[in-house]
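# Structure assessment
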Amino acid sequence: MGTVHAKEANLPKNLNQSSNTAVARGKHNSEKGNDSSTYYNKKKNLSQEEEIKQKSFDLQSVKARVDRVHIDGLMRTKDDIIRAQVTDLFKAQDFQDVLLRAYKVKGKLEALGCFRSIRIYIDTSQGPRASPEGVEVTFTVHEMRRLIGGINTMVGNNEASLVIGAKAPNLFGRGERLQMEYSHGTKSSTNINVSAVKPFVDSWLHTVLTGSIYNTNSDFPWSGYNECDKGFLLDIALNPDGAGILKHNLQYEGAYRKIISSKQASFRVREQSGPSLKSALRHICSIDKRDSLIFPTKGSLVQFSTEVAGLGGDIGFVKNELIVQSNWTPHESLTFQLGLQSGLLRGINNDMKISITDQFFLGGPMNLRGFEMRGCGPRQDGNSIGGDAYWALALHLYTPLPFTPGRHSFGDLFRLHGFVTGGNVSNFTFKLSNNYKENMKIFTENVRCSVGGGIAMKLGNVARIELNLVMPLLHVRSDVLQKFQFGIGLQYL
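Residues numbered from 1 in each chain as written. Predicted model: local features only at pLDDT ≥ 70, side-chain atom pairs only at ≥ 80, totals over all residues. Heavy atoms only, no water.

### Considering the side chain of R76
Quick note on the threshold: Helical segments are the DSSP runs of H or I of at least four residues, strand segments are the runs of E of at least two, and each set is numbered from the N terminus. Here the term buried applies to any residue with accessible area under 20% of the maximum for its type, exposed to any over 50%, and partly exposed to those in between, with areas from a 1.4 Å probe on protein chains only. Charge convention: Lys and Arg are scored as positive, Asp and Glu as negative, and His as well as the terminal groups of each chain are ignored. Take a side-chain nitrogen of Lys or Arg and a carboxyl oxygen of Asp or Glu: if they are within 4 Å of each other, that pair is a salt bridge. Any pair of N or O atoms that falls within 3.5 Å is considered a polar contact. Within protein, one atom must be able to donate a hydrogen and the other to accept it, and sequence-neighbouring residues count only if both atoms are side-chain atoms.
Secondary-structure assignment places R76 in the loop between β3 (65-72) and α2 (79-86). Despite its burial, R76 remains without a salt bridge, the nearest opposite charge being carried by E143 at 4.1 Å. From its side chain, R76 meets the backbone oxygen of M144 in a polar contact 3.2 Å long.

### Some remarks on the pattern of salt bridges
For the structure on display, the rule yields 16 salt bridges. Across the salt bridge formed by E136 and R68, the nearest N and O atoms sit 2.9 Å from each other. Residue E136 is found in strand β5 (residues 134-143), and its partner R68 is found in strand β3; the two are separated by 68 residues along the sequence. For E136, a relative accessible area of 16% puts it in the buried group. Note that R282 is salt-bridged to E307, the shortest N-O span being 3.1 Å. Of the two residues, R282 is situated in strand β13 (residues 274-288) and E307 in strand β14 (residues 299-313); the sequence distance between them amounts to 25 residues. Judged by its relative accessible area of 17%, R282 is buried. A residue is classified by how much of its surface remains accessible, and E307, at 9% relative accessible area, is buried. Among the ionic contacts, a cluster of salt bridges with common partners joins E253, R257, K278, R282, E307 and D358.

### Looking at helix α3 (residues 95-111)
As a reminder of what qualifies: Any helix carries an expected span of 1.5 Å times its number of residues minus one. Here, residues are in contact when the closest pair of their heavy atoms is within 4.5 Å.
Here α3 contains 17 residues, and its C-alpha end-to-end distance of 25 Å stays within 8% of the 24 Å for a straight helix at 1.5 Å per residue. Listed as buried for α3 are F95, Q96, D97, V98, L99, R101, A102, V105 and L109. Its buried side turned inward, α3 meets β3, α2, β4 (115-124) and β5. N-capping of α3 is provided by D94, with a side-chain oxygen placed 3.2 Å from the backbone N of Q96. At the C-terminal side of α3, G113 shows a positive phi close to 75°.

### Observations concerning the side chain of D67
Looking at the element boundaries, D67 is found in strand β3. When its relative accessible area of 17% is taken as the criterion, D67 is described as buried. A distance of 2.5 Å separates polar atoms of two side chains, one belonging to D67 and the other to R65. Of note is the side chain of D67, whose polar atom sits 3.0 Å from the side chain of S131. Residues within four places of D67 in sequence aside, it is in contact with F90, S125, A130, S131, G134 and V135.

### With respect to a nonpolar patch on the surface
Put simply, the rule is: Only residues above 30% relative accessible area that lack a salt bridge enter a patch, with like-charged residues linked at up to 9 Å and the nonpolar side chains Val, Leu, Ile, Met, Phe, Trp and Tyr linked at up to 5 Å. Computed by Shrake-Rupley with a 1.4 Å probe, the accessible areas treat only the displayed protein chains as cover when residues are assessed.
Nonpolar side chains collect at one region of the surface, where L171, F172, L178, M180, V194, I213, F232, L234, Y252, L281 and L311 lie side by side and expose about 960 Å² of accessible area between them. Breaking the nonpolar patch down by element, the ones donating at least two residues are β8 (177-185) and β11 (225-238). Here Y252 shows up in strand β12 (residues 246-261). Judged by relative accessible area, Y252 falls into the partly exposed class, the value being 31%.

### A closer look at the environment of G460
Mapped onto the fold, G460 is located in the loop between β21 (448-459) and β22 (463-474). You can call G460 exposed: its relative accessible area is 54%.

### So, the packing of aromatic side chains
To keep things clear, this is the line we draw: In this scheme Phe, Tyr and Trp rings, the latter by its six-membered ring, pair at centre separations within 6.5 Å, and the angle between planes marks the pair as stacked below 30 degrees, edge-to-face above 60, and tilted otherwise. We call a charge positioned above a ring when the Lys NZ or Arg CZ atom is no farther than 6 Å from the ring centre and deviates by at most 35 degrees from the ring normal.
In total, this model carries 5 aromatic pairs according to the counting rule given. In this structure, K319 is placed above the aromatic ring of F360, and the distance from its NZ or CZ to the ring centre is 4.9 Å. Looking at R464, its charged tip hangs above the ring of Y492, at a distance of 4.0 Å from the centre.

### Overview of the confidence of the model for the protein
We count it as follows: pLDDT runs from 0 to 100 and stands for how confident the predictor is about each residue.
Residues at a pLDDT of 70 or more form 84% of the protein, whose mean pLDDT is 82. Note that residues 1-40 has pLDDT below 50 and, in this model, 62 contacts with residues that lie over four places away or in other chains.

### Section: the sheet that holds β4
Note the following rule: When DSSP finds at least two bridges between two strands, those strands are taken to pair. Each axis is a line fitted through C-alpha atoms, taken for helices only over the stretch in contact, and angles between the N-to-C directions span 0 to 180 degrees.
Taken together, 3 strands build an open sheet; the order of strands is β3-β5-β4 and the sheet is mixed. Strand pairing shows two members of the sheet lacking a second neighbour, β3 and β4, which therefore form its edges. This sheet shows a mean twist of 20° between the axes of neighbouring strands, independent of strand direction. In the sheet, β4 pairs with β5 via 9 bridges, with the strands oriented antiparallel. If you follow Y121 over to β5, its bridge partner there is T138. Each of β3, β4 and β5 touches α3; the most contacted strand, β4, lies at about 160° to it.

### Details of the pairing of β22
Pairing of β21 with β22, which is carried by 11 bridges, proceeds in the antiparallel orientation. Pairing of V451 across the sheet is with M471, part of β22.

### A few points about unusual backbone geometry
Unlike most non-glycine residues, N170 shows phi in positive territory, near 50°. Within the fold, N170 resides in the loop between β7 (159-168) and β8. The backbone of D381 shows a phi angle near 55°, a positive value even though the residue is not glycine. Of note, D381 is situated in the loop between β17 (379-380) and β18 (383-384). A relative accessible area of 63% means that D381 is categorised as exposed.

What follows is the structure in structure tokens.
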């Protein structure tokens, strides 16, 4: 877990060597004798060499129990929310367990969003009620200010945005916060969002409730329309394991949407122009065991989402989408990644419509590379109109830069990147009857495929940048190809 520094005289005598070590440092003491010159010669040699004696011992062999937990620096934060986070510390049985649980509690306190810094101090327990093996753990915290504002940048799928935001953290002392954001993207998209967040930290599901009101304007020149959304989103996030591996999101969204088609838009796009009202329930389940979000070397991701629209309004459909990613590293300089994405969209009845904004689109530097944004699939008069079913598959090979300067520092942000991608999107009508051959056409007809390579860069820990040279191998005449691609985004195939 780390090293603990202590004086040599205070070390227990019964400690054994192990991989979890504590280092005790001290100077050699000179032997007593009558020869003063020998004494000074030894002292001179020791001062020149400054030798350090190290002893290693197993932290698990040091019995310890937590007698008291102190929280220094609390002002607005309530005691009950803190007590719910630190109770796990009292279950520790040895010193290594104390360290592990202390860092776990620190992570829980940071997740509350109430503190800007947290420090941990561990000392022996003192006082009349102190146990022989007792320790006291002190967390020194610094609470956030009542109002925080700033200007920063945000990365979306092939779009960067300037974000101006303000936040009121720990509003009522139990992790609640109110935040407001305004963003303007590089593709003329704007977004205004006001959110209220309430965590239920004492719940075994680690529930977080979020309510948002938003106003979004987005431009889709590949499909010939502009979209304006005004709506409300209620999100209940559940984290049953507490470690962030298994997550559930239950959402309700009500939105008033207006599509404004361009003058050169196709008839299929222009006939969908105008306002519509969407009311939908959504469930997102994800299991993420990857060791990194951007450049994982091992682990897998499985995410499945289901959306049902038609509880009100004039939009009605059932939409399912699956995302799978697996990573393995046979050698420290070679990492393979296999990615799969697929989706199916079906209407509920003839009285409700499916808007073009709910369709699946394929193509772009972050999914099916070698094609322009929305460059694959059904098109009409040069506009991409999307499909109701799609699949995409990709095999990647990542390797570090070939030169050693920057290794374990700036150079670790980059990877050389080779890939093969394939997929298809279409408007086939899926039926549950004996129409098996018709349903399988999406895997046999008009399949797109590309191969390429380039360089990828990690941007923080939330996005990546790619510069690739791609050669499309399979495509149809209506597809829009792009051999040189620059991409920046959050979610990628």
